[in-house]
Amino acid sequence: MGIVIKNALAVLPDGAGHATGRHSIYVEGNAIVGIDEAPQGFVAAETIDGTRRLVIPGLINAHTHTYMSMMRNVADDLSFTDWLFGTIEPIEDRLEPEDSYWASLLSQMEMIRSGTTCFNDQQMHIHQTTRAVHESGMRAVICRGLVGSEYDLNERRIREALEERDAFADCDRLTFRLGPHAPYSCGPDYLRGVAEVAKREGMGVHIHIAESQAETDNMWRDHHCTPVEYVRDAGIFDVPTIAAHCIRVSASDRAILAEHGVSVVTNPASNMKLGNGFAPVPELVAAGVNVCLGTDGAASNNAQNMFREMGLLALIHKGTHDTPQCISADETLRMATRNGAAALGLDIGSIEVGKKADLVLLDLDAPSLTPLNHAVAALAYSANGSEVSDVLIDGKVVMRNRELLTIDEERVRAEIARICARLGLS
Ligand code: NI
């Protein structure tokens, strides 16, 4: 028994770009099994009328920390150092593991409601975000945050990360990577140890690199190399690597990232809000780097809305390069979908037969989508996420007519209020 979305306007892949047309999409199990033509023996248990809907592949948030959403709007207008070490870390020290579970569910509510179906998470408390994803129906790549200077002293966290991966092996919406936090919080021996474990276990790595000018300056002072060189020399790039930020990267750094097939996640709102600038996206693309898009955590963004990120991504580079041609609406959407899928190594990110059925429906009656003269331009420049009406993830409806079916939103709001009161945040 399957689901058919009948007669909808759908954004399908067309070479490197997209083609929009009217289609019926057939879903069975967790996959897209037909476009316009039902496979033999297909029986629809549910038919969704797509007449006034735009169907797009679910957006992929390639870098976030979902456990941080209770810290939304508590550390603003501060320098990066004061933000991280002066405000966020002292709050993190007081978090209970279960706080992460509720905060992750809150982040996931916001993501589903704004069309994101998959996220790449660097987390703090094992078994909390995973449990939340298991229940919410979202798809996620979970990366245990790792920090340390000497490998032996911090082996416990790595062992726990592997145990968590094994504990959730039966959930095909969850995959796992190792998350060494950043060059400034991980010593070279520790990074080398993480790279070796990742290689042995066949896992990828998710790390922050070159987020601020101070990071680059300190790296030069202490190690006479760039953050990219430091991470490469520790062997991290010998395994599939997703690098968040990469703001301060030279031409030679960009060549290193391209040569090693490192995927870069740009996080425009978070990077600008912390006064760190933004990644040189057109230059990274020109060097041959796979660039994808993320929000970063709600403590620095302060939202989990990929539509806002798409708008910012497209506009800041046009504005700073004095040319509207340096990044197109098609490229913007690709960075939020297919490029993220490639970085994560998942069969998602486009509406094609055989891909996982992660689909988002937008309401064509929304003023921001009227008139829909060009669907991809509307997604990059006009939409804000409030147009999302229905969401399917892994072939299951998780939001129908704006009602979340898998998360008790009222309960989450109450738990977040309780946590914020305990932490003295509100
Ligand atoms: Ni981050």
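Everything quoted here is computed from the prediction, not taken from an experiment.

### What about the environment of R113?
Right, on to step 1. Here R113 is to be found in helix α2 (residues 97–113).
Right, on to step 2. In the structure, R113 is positioned 239 residues away from E352 in sequence and 23 Å away in space, judged by C-alpha atoms.
Right, on to step 3. At a separation of 2.9 Å, a polar atom in the side chain of R113 contacts the main-chain carbonyl oxygen of R402.

### What to know about the pairing of strand β2 (residues 17–28)
Right, on to step 1. Bridge count between strand β1 (residues 2–14) and β2: 11 bridges; the pairing is antiparallel. When the bridges of β2 are listed, A10 appears paired with G21.
Right, on to step 2. Linkage of β1 to β2, two consecutive antiparallel strands, is achieved through a turn of 2 residues, within which G15 is found at a positive phi near 60°.
Right, on to step 3. Note that β2 and strand β3 (residues 31–35) share 4 bridges and pair antiparallel. Each bridged residue has a counterpart across the sheet, and for E28 the counterpart in β3 is A31.
Right, on to step 4. The turn joining β2 and β3, which pair antiparallel and follow one another in sequence, is formed by 2 residues; a positive phi near 60° is taken by G29.

### Side note on the domain arrangement of the protein chain
Right, on to step 1. What the domain assignment lists for the protein chain is domain 1 (2–57 + 348–404) and domain 2 (59–344).
Right, on to step 2. Measuring from the centre of the C-alpha atoms in domain 1 to the corresponding centre in domain 2 gives 28 Å.
Right, on to step 3. Counting from both sides, the interface comprises 34 residues of domain 1 and, opposite them, 31 residues of domain 2.
Right, on to step 4. Counting the surface domain 1 buries against domain 2, the share from its top three residues, I348, Y381 and I393, is 21%.
Right, on to step 5. Where domain 1 meets domain 2, there are 2 salt bridges.

### A closer look at the packing of helix α4 (residues 155–167) against helix α5 (residues 188–201)
Right, on to step 1. Viewed as axis vectors pointing N to C, α4 and α5 meet at an angle of 25°, and their least axial separation amounts to 12 Å. The orientation of α4 with respect to α5, classified from their angle, is roughly parallel. Between α4 and α5 lies a crossing whose hand is right-handed. Residues I158, L162 and R165 of α4 form the contact with α5, whose participating residues are Y190, V194, V197, R200 and E201.
Right, on to step 2. Classifying every residue of the contact of α4 with α5 gives 5 nonpolar, no polar and 3 charged.

### Considerations on the layout of surface pockets
Right, on to step 1. The computed volume of the largest pocket comes to approximately 540 Å³.
Right, on to step 2. As for the largest pocket, its lining consists of 29 residues, of which Y67, E89, E92, Q122 and H181 are closest to the centre.
Right, on to step 3. Only α1 (80–92), β7 (116–123), β8 (139–146) and α4 provide two or more residues apiece to the lining of the largest pocket.
Right, on to step 4. Among the elements that make up the lining of the largest pocket, the one with the highest residue count is α1 (6 residues).
Right, on to step 5. The class makeup of the residues in the lining of the largest pocket is 10 nonpolar, 11 polar and 8 charged.
Right, on to step 6. Estimates place the volume of the second largest pocket at around 220 Å³.
Right, on to step 7. Around the second largest pocket, the lining is made up of 13 residues, and of these Y184, A214, E215, N218 and M219 lie nearest the centre.
Right, on to step 8. Mapped onto the lining of the second largest pocket, the elements with two or more residues apiece are α1 and α6 (213–223).
Right, on to step 9. Looking at which element gives the most residues to the lining of the second largest pocket, the answer is α6, with 6 residues.
Right, on to step 10. Taken together, the residues of the lining of the second largest pocket break down into 7 nonpolar, 4 polar and 2 charged.

### Regarding the pairing of strand β11 (residues 241–245)
Right, on to step 1. Of all the 5 residues making up β11, 5 are buried; the element is thus mostly covered by neighbouring parts of the structure.
Right, on to step 2. As paired elements, β11 and strand β12 (residues 263–266) share 3 bridges and run parallel to each other. Its bridge partner lying in β12, A244 is registered against V265.
Right, on to step 3. The β-α-β motif built from β11, the intervening helix α8 (residues 251–259) and the parallel element β12 has right-handed crossover chirality.

### Quick word on α8
Right, on to step 1. Among the residues making up α8, those that are buried are D253, R254, I256 and L257. End-on, the buried residues of α8 take up no more than an arc of 160°, which puts them together on one face. The exposed set on the far side of α8, more than 90 degrees from its buried face, consists of A251 and E259.
Right, on to step 2. For α8, the elements touching its buried residues are α7 (227–233), β12 and α10 (281–286).
Right, on to step 3. Immediately downstream of α8, the backbone of G261 shows phi near 65°, a positive value.

### A look at the pattern of salt bridges
Pairing is possible between side chains of opposite charge, provided their charged atoms come close.
Right, on to step 1. Following the criterion strictly, the structure yields 23 salt bridges and no others.
Right, on to step 2. Across the salt bridge formed by R53 and D390, the nearest N and O atoms sit 3.6 Å from each other. Within this pair, whereas R53 is found in strand β5 (residues 53–57), its partner D390 is found in strand β15 (residues 388–393), the two being separated by 337 residues in sequence. A single burial state applies to R53 and to D390, both of which are buried.
Right, on to step 3. Linking R72 and E110 is a salt bridge whose minimum nitrogen-to-oxygen distance equals 3.0 Å. One end of the pair, R72, is in the loop between β6 (59–64) and α1; the other, E110, is in helix α2, and 38 residues separate them in sequence.
Right, on to step 4. Accessibility expressed as a relative area gives 24% for R72, which makes it partly exposed.
Right, on to step 5. Take E110: its relative accessible area is 21%, and that puts it in the partly exposed class.
Right, on to step 6. Residues joined in a network through salt bridges with shared partners are R165, D166, R200 and E201.

The rules behind each value
- Residues numbered from 1 in each chain as written.
- Predicted model: local features only at pLDDT ≥ 70, side-chain atom pairs only at ≥ 80, totals over all residues.
- Heavy atoms only, no water.
- Helix = DSSP H or I, 4+ residues; strand = E, 2+ residues; numbered from the N terminus.
- Polar contact = N/O pair within 3.5 Å; in protein donor to acceptor, adjacent residues only side chain to side chain.
- Pairing = 2+ DSSP bridges.
- Domains from an automatic or database assignment.
- Contact = heavy atoms within 4.5 Å.
- Buried area = accessible area lost by both parts, 1.4 Å probe.
- Salt bridge = Lys/Arg side-chain N within 4 Å of Asp/Glu carboxyl O.
- Axes fitted to C-alpha atoms, helices over the stretch in contact; angles between N-to-C directions.
- Parallel < 35°, antiparallel > 145°, perpendicular 65-115°, else oblique.
- Left-handed = near helix turned anticlockwise from the far one by under 90°.
- Nonpolar A, V, L, I, M, F, W, Y, C, P; charged D, E, K, R; others polar.
- 1 Å grid on protein atoms, 1.4 Å probe; cavity = no way out; pocket = protein on both sides within 12 Å on 5 of 7 lines; lining within 4 Å.
- Points joined across faces, edges and corners; volume = space filled by probe spheres on them.
- Buried < 20%, exposed > 50% of the residue type's maximum accessible area, 1.4 Å probe, protein only.
- Right-handed = clockwise from strand over helix to strand, strands pointing away.
- Arc of directions from axis to C-beta.

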